[in-house]
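Below, each chain spelled out in residue letters.
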There are 2 protein chains.
Amino acid sequence: MHVIVTGGAGFLGARLIQRLLDEGAPIDGERITRVTSIDLAACPVADDRVESLTGDIADPALIAKALGDDTGAVCHLAAVVSAQAEADFELGMRVNLDATRTLLEACRAHPKRLRFLFASSLAVFGPGLSQPVAEAIGPQPRSSYGAQKAMGELLVNDYSRRGFVDGRVCRLPTIVVRPGKPNRAASSFASSIIREPLAGVEVICPVVGELPLWLSSPRTVVANLVHALLLDGAALGDWRTLNLPGITVTVTQMLDALERVAGPSARQLVRVEPDAAIDAIVASWPGGLEVERPLGLGFQADSDFDAIIHAYLDDERGDELDN
Amino acid sequence: MHVIVTGGAGFLGARLIQRLLDEGAPIDGERITRVTSIDLAACPVADDRVESLTGDIADPALIAKALGDDTGAVCHLAAVVSAQAEADFELGMRVNLDATRTLLEACRAHPKRLRFLFASSLAVFGPGLSQPVAEAIGPQPRSSYGAQKAMGELLVNDYSRRGFVDGRVCRLPTIVVRPGKPNRAASSFASSIIREPLAGVEVICPVVGELPLWLSSPRTVVANLVHALLLDGAALGDWRTLNLPGITVTVTQMLDALERVAGPSARQLVRVEPDAAIDAIVASWPGGLEVERPLGLGFQADSDFDAIIHAYLDDERGDELDN
C-alpha cells in the first residue's frame, strides 16, 4: 500500500514516515510499501521507499501526481503554523483551509475510500473553559490558525460521514521538546525554554510561569498518529475528531524539571519576559483535556515532564533526521 | 445607511427587510435609508427603498455591485437548506461556504467595518447532547448543511476578531409556522403538520411524536435578527456566535396545540409515517438550548406553541408578502 504524507519534510511528517516504514504498519492487512512526501522541501528520510514531491500543497496537479492506484491513505500534516497564520491571513487560509479541501476532493475522486488522517490542534479551543475540557466542548478559536484547523476538522468529518474518505482527526497537544530552531508557532517557546538551556544557551520565556500547557513528546505524538491511522474507522464511530492525550504542566513545572535534569545553571539561562502577542494566543488554549475516550481506544500519554526531557536527550543522541 | 440582505426574496429575508424599513432601525445612530436584496428572485417587499439584485450569491461581481459607500451592514441569510445541501453537496458548499467567504472578503475590502449578520442554525449540533445544550458545546454536525454553517460561523468569528467585519452569528431554531409550500429543509414538516391541517389538507408527519424540537415563530426570529443587527458589538464580546432563544416542544405537544386551536378534525388530518432520511437529520438536532446569555442581551422567545399557531393565523390574515 502507498501512503501520502503532506508536510513530509517537517519535523513530525518525517518522523511519521520513518515510523510507518520501520513498522511496516499494515493497514487493513496490507503493508506499507511506499510513501510519497508532499512538501516545499524534500523529505529527509533516507529510504528508497520514499519519494518526495516538492511544491505547493494547495496545487491540485501536485496532489493528482501523488495519488496512485495503490494509494490507501493520506496523512495531512502540512500547515502554516499559528503565529505565521496570524501574521499572514491569506497564506493561512490557502494552506490550512483551501489545501485541505483540495486534498479531500482528490481523495473523494479516488476509486478507493482512502484513510485520511488530519492533524489538528488544541488551538481550536477558546479561553475560559473549565478544565479538563470535555469532549463535547466546541472550538471557539482565538487565532486564525485555530479557526482554519476547526474548519478542516468539519470538512474531514463531513467527507467521512458521506463516505468520501475514512477520516481521523487528531487534535495535537503542544509538542515538546522540538529539536532544531524555533518555528513560527506561538507555542515554539515551550520547546525553546528547555532545548536552549540544555545546549547552554540563554532563552527568553514569553509567558508567565503559572500558565498550564497541554504537552506531548514528539515520539508519543508520532505513535498516536500511527495508531490513529491504523485504527479501524468503526472504533471511532461517526464523529471522527479526537483530542490526543497529553499531560498538564505549568511553565514553572517545566523549569523545575529542567533543573532536576540539568541543574540550576540550566534554569538560570531562562529569563521570563511576557510577550502580549504570544500570550494572547497561547493563554487562550486549554491546559488540560478530557481524554478518556482516546485512552480507551489505545492512544497514549507521556508519564511526566522529566520523561519528556529525557526522551528529547535520547532522541537527540540517536536521531539521524536532525543530522 | 444602506443595508444588504442576501436571501432577500426568501421567507425570512423579505420579512427582515420589511421590518428594518418599518422601524427605521438606526444603526450607530444612522437610520436605514435603502436596502439591497441579493437573491435568485426579486424581493417581494413593495417599497421604493428596496432594490433587488438577482443572480448567484457566490458571484463576486454581484456582491461588488451591491456594496456602496453608504453601506453599513450586510445580513447574510441566503442558504441552500438542509435536505437540499444533503442531496447536492457541491451546491451546498458553493452557496453555504464559498459565498459566505466571498461576501466576507468583499466586506473586508470595504473602507468601513461593516456589521455582518450571519444566519446559522441549530443544525450545527450533533446528537447525544445533554439538554438544554450549554453555550460552550460545539458543533458536531451530522449534515452537510450543519457542517457548512459551522464553517461559516468560524469564518465570521475570525473575520470579526481580526476587525475585518463586526460580526453577529445567530443560530436559528426551527421556524414554525412557515406559510406557503414545503421547502427542502429537513425540518419543513414542522410547519406542514400545522399549516396543512389548518387549511383542511391531509399531511404526513415523517418523525415520531416524542421528538422534541427547538422552535421559534417567524416574527420572533425576525425580531431577534433585527436585535442582533442593532446591538452594540461590544455587548457580544469576542465570541460572536449566539444560540437564539426558542421553546422546546415535542411533535405530540404541537399536535395537542393544533387540536386546542383548530379542533380534533384538524389533528385527524395528520398521519405519522416516519421517514428514515428526515429522521436521521432532524433527530440529531438538540431539542433545547441554554439561552441565558442571549436572553440577558435582550433576545426573545415565544411564550408557548399555542401562541405560535395564533401568530401564524394572524400573520396569514394580514401579511401582504404572501399574496
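Residues numbered from 1 in each chain as written. Chains lettered and ligands numbered in written order. Predicted model: local features only at pLDDT ≥ 70, side-chain atom pairs only at ≥ 80, totals over all residues. Heavy atoms only, no water.

- Looking up chain A in an unreviewed UniProt entry gives the name SDR family oxidoreductase, with the organism given as Salinicola corii.

## Structural notes on the overall build of chain A
Part 1 of the argument: In terms of helices and strands, chain A carries 13 helices and 12 strands.
Part 2 of the argument: In terms of C-alpha radius of gyration, chain A reaches 19 Å, essentially the compact-globule figure of 20 Å for 323 residues.
Part 3 of the argument: Residues classed as buried in chain A amount to 60% of the 323 residues present.
Part 4 of the argument: A fraction of 78% describes how many contacts in chain A between residues 6 or more apart in sequence connect residues 24 or more apart.
Part 5 of the argument: With the model as given, the accessible surface of chain A reaches about 11900 Å², and the carbon-plus-sulfur share is 50%. (Helix = DSSP H or I, 4+ residues; strand = E, 2+ residues; numbered from the N terminus. Rg over C-alpha atoms; globule rule 2.2 N^0.38 Å. Buried < 20%, exposed > 50% of the residue type's maximum accessible area, 1.4 Å probe, protein only. Contact = heavy atoms within 4.5 Å. Areas by Shrake-Rupley, 256 points an atom, 1.4 Å probe, with all protein chains shown as cover.)

## Regarding the pattern of salt bridges
Part 1 of the argument: Applying the stated criterion across every chain yields a total of 48 salt bridges over all chains.
Part 2 of the argument: A salt bridge links Arg142(A) to Asp238(B); its shortest N-O distance comes to 3.0 Å. Of the two residues, Arg142(A) sits in the loop between strand S5 (115-121) and helix H5 (144-161) while Asp238(B) sits in the loop between helix H8 (233-236) and strand S10 (241-243), which places them in two different chains.
Part 3 of the argument: Linking Asp256(B) and Arg267(B) is a salt bridge whose minimum nitrogen-to-oxygen distance equals 2.5 Å. With Asp256(B) in helix H9 (residues 251-262) and Arg267(B) in helix H10 (residues 264-267), the pair connects residues that are 11 residues apart, well separated along the chain.
Part 4 of the argument: Given a relative accessible area of 27%, Asp256(B) falls into the partly exposed group. (Salt bridge = Lys/Arg side-chain N within 4 Å of Asp/Glu carboxyl O.)

## Looking at the packing of helix H4 (residues 89-109) of chain A against helix H4 (residues 89-109) of chain B
Part 1 of the argument: Their axes nearest at 15 Å, the elements H4(A) and H4(B) cross at an angle of 170°. Considering their axes alone, H4(A) and H4(B) lie roughly antiparallel with respect to each other. Together, Phe89(A), Glu90(A), Met93(A), Leu97(A), Asp98(A), Arg101(A), Glu105(A) and Arg108(A) of H4(A) and Phe89(B), Glu90(B), Met93(B), Leu97(B), Asp98(B), Arg101(B), Glu105(B) and Arg108(B) of H4(B) make up the contact between the two elements.
Part 2 of the argument: For the contact of H4(A) with H4(B), the residue count by class is 6 nonpolar, no polar and 10 charged. (Axes fitted to C-alpha atoms, helices over the stretch in contact; angles between N-to-C directions. Parallel < 35°, antiparallel > 145°, perpendicular 65-115°, else oblique. Nonpolar A, V, L, I, M, F, W, Y, C, P; charged D, E, K, R; others polar.)

## Structural notes on the packing of H4(A) against H5(A)
Residue and element names in this part refer to chain A.
Part 1 of the argument: Orientation of H4 relative to H5, taken along the N-to-C sense of each, is 10°, at an axis distance of 9 Å. Relative to H5, the element H4 lies roughly parallel. For the pair formed by H4 and H5, the contact residues are Phe89, Gly92, Met93, Asn96, Leu97, Thr100, Arg101, Leu104, Glu105 and Arg108 on the first element and Ser144, Tyr145, Gln148, Met151, Gly152, Leu155, Val156 and Tyr159 on the second.
Part 2 of the argument: Residue composition of the contact of H4 with H5, grouped by class: 9 nonpolar, 6 polar and 3 charged.

## Quick look at the sheet that holds strand S3 (residues 50-54) of chain B
Sheet strands pair by backbone hydrogen bonding; their relative direction is either parallel or antiparallel.
Residue and element names in this part refer to chain B.
Part 1 of the argument: If you walk across this open sheet you meet the 7 strands as S3-S2-S1-S4-S5-S6-S10, and the pairing is parallel. With one partner strand each, in any of the chains shown, S3 and S10 form the two edges of the open sheet. Ignoring which end each strand starts from, the neighbouring axes of this sheet average 20° apart.
Part 2 of the argument: Looking at chain direction, strand S2 (residues 34-39) and S3 are connected through 5 bridges and run parallel. When the sheet's bridge partners are listed, Ser37 is paired in S3 with Ser52.
Part 3 of the argument: Helix-sheet contacts for helix H1 (residues 11-23) involve strand S1 (2-6), S2, S3, strand S4 (71-76) and strand S6 (166-172), and the interaxial angle to S1 is about 165°. (Pairing = 2+ DSSP bridges.)

## Here we look at the nonpolar core
General note: in soluble globular proteins, nonpolar side chains tend to be found buried as a group.
Part 1 of the argument: Residues Ile193(A), Phe305(A), Phe189(B), Ile193(B) and Phe305(B) are the most contacted members of the largest nonpolar core, which totals 151 residues.
Part 2 of the argument: When residues of this core are assigned to domains, at least three fall in each of domain 1 (2-172 + 216-244) and domain 2 (188-211 + 248-322) of chain B. (Core = buried A, V, L, I, M, F, W, Y, C linked by side-chain atoms within 4.5 Å. Domains from an automatic or database assignment.)

## Some details on the sheet that holds strand S2 (residues 34-39) of chain A
All names here are of chain A.
Part 1 of the argument: One open sheet accounts for 7 strands, arranged S3-S2-S1-S4-S5-S6-S10; its pairing is parallel. Each of the sheet's edge strands pairs with one partner strand only, and the pair in question is strand S3 (50-54) and strand S10 (241-243). Sheet twist, expressed as the average angle between the axes of neighbouring strands with direction ignored, equals 20°.
Part 2 of the argument: Direction of pairing for S5 relative to strand S6 (residues 166-172): parallel, over a ladder of 7 bridges. If you follow Arg115 over to S6, its bridge partner there is Asp166.
Part 3 of the argument: On top of the sheet, helix H1 (residues 11-23) reaches strand S1 (2-6), S2, S3, strand S4 (71-76) and S6; it is set at about 165° to S1, its chief contact.

## Focus on the packing of aromatic side chains
Two descriptors summarise a pair of aromatic rings, namely the distance from one centre to the other and the angle between the planes of the rings.
Part 1 of the argument: As enumerated under the stated definition, the model contains 6 aromatic pairs over all chains in all.
Part 2 of the argument: For the pair Phe89(A) and Tyr159(B), a centre-to-centre distance of 5.2 Å together with 85° between the ring planes defines the contact as edge-to-face. Residue Phe89(A) is located in helix H4, and its partner Tyr159(B) is located in helix H5 (residues 144-161); the two belong to separate chains. Note on accessibility: Phe89(A) and Tyr159(B) belong to one class, buried.
Part 3 of the argument: Through a chain of ring-to-ring contacts, three or more aromatic side chains come together here, namely Phe89(A), Tyr159(B) and Phe164(B).
Part 4 of the argument: Its guanidinium or amino end placed over the ring of Phe164(A), Arg108(A) lies 4.1 Å from that ring's centre, counting from NZ or CZ. (Phe/Tyr/Trp six-rings, centres within 6.5 Å; stacked < 30°, edge-to-face > 60°. Lys NZ or Arg CZ within 6 Å of the ring centre and 35° of its normal.)

## Focus: the environment of Arg161(B)
Part 1 of the argument: Its location among the elements puts Arg161(B) in helix H5.
Part 2 of the argument: We classify Arg161(B) as partly exposed; its relative accessible area is 29%.
Part 3 of the argument: In this structure, the C-alpha to C-alpha distance between Arg161(B) and Asp238(B), residues 77 residues apart in sequence, is 6.7 Å.
Part 4 of the argument: Polar contacts involving the side chain of Arg161(B) include one to the main-chain carbonyl oxygen of Arg142(A), which spans 3.3 Å. (Polar contact = N/O pair within 3.5 Å; in protein donor to acceptor, adjacent residues only side chain to side chain.)

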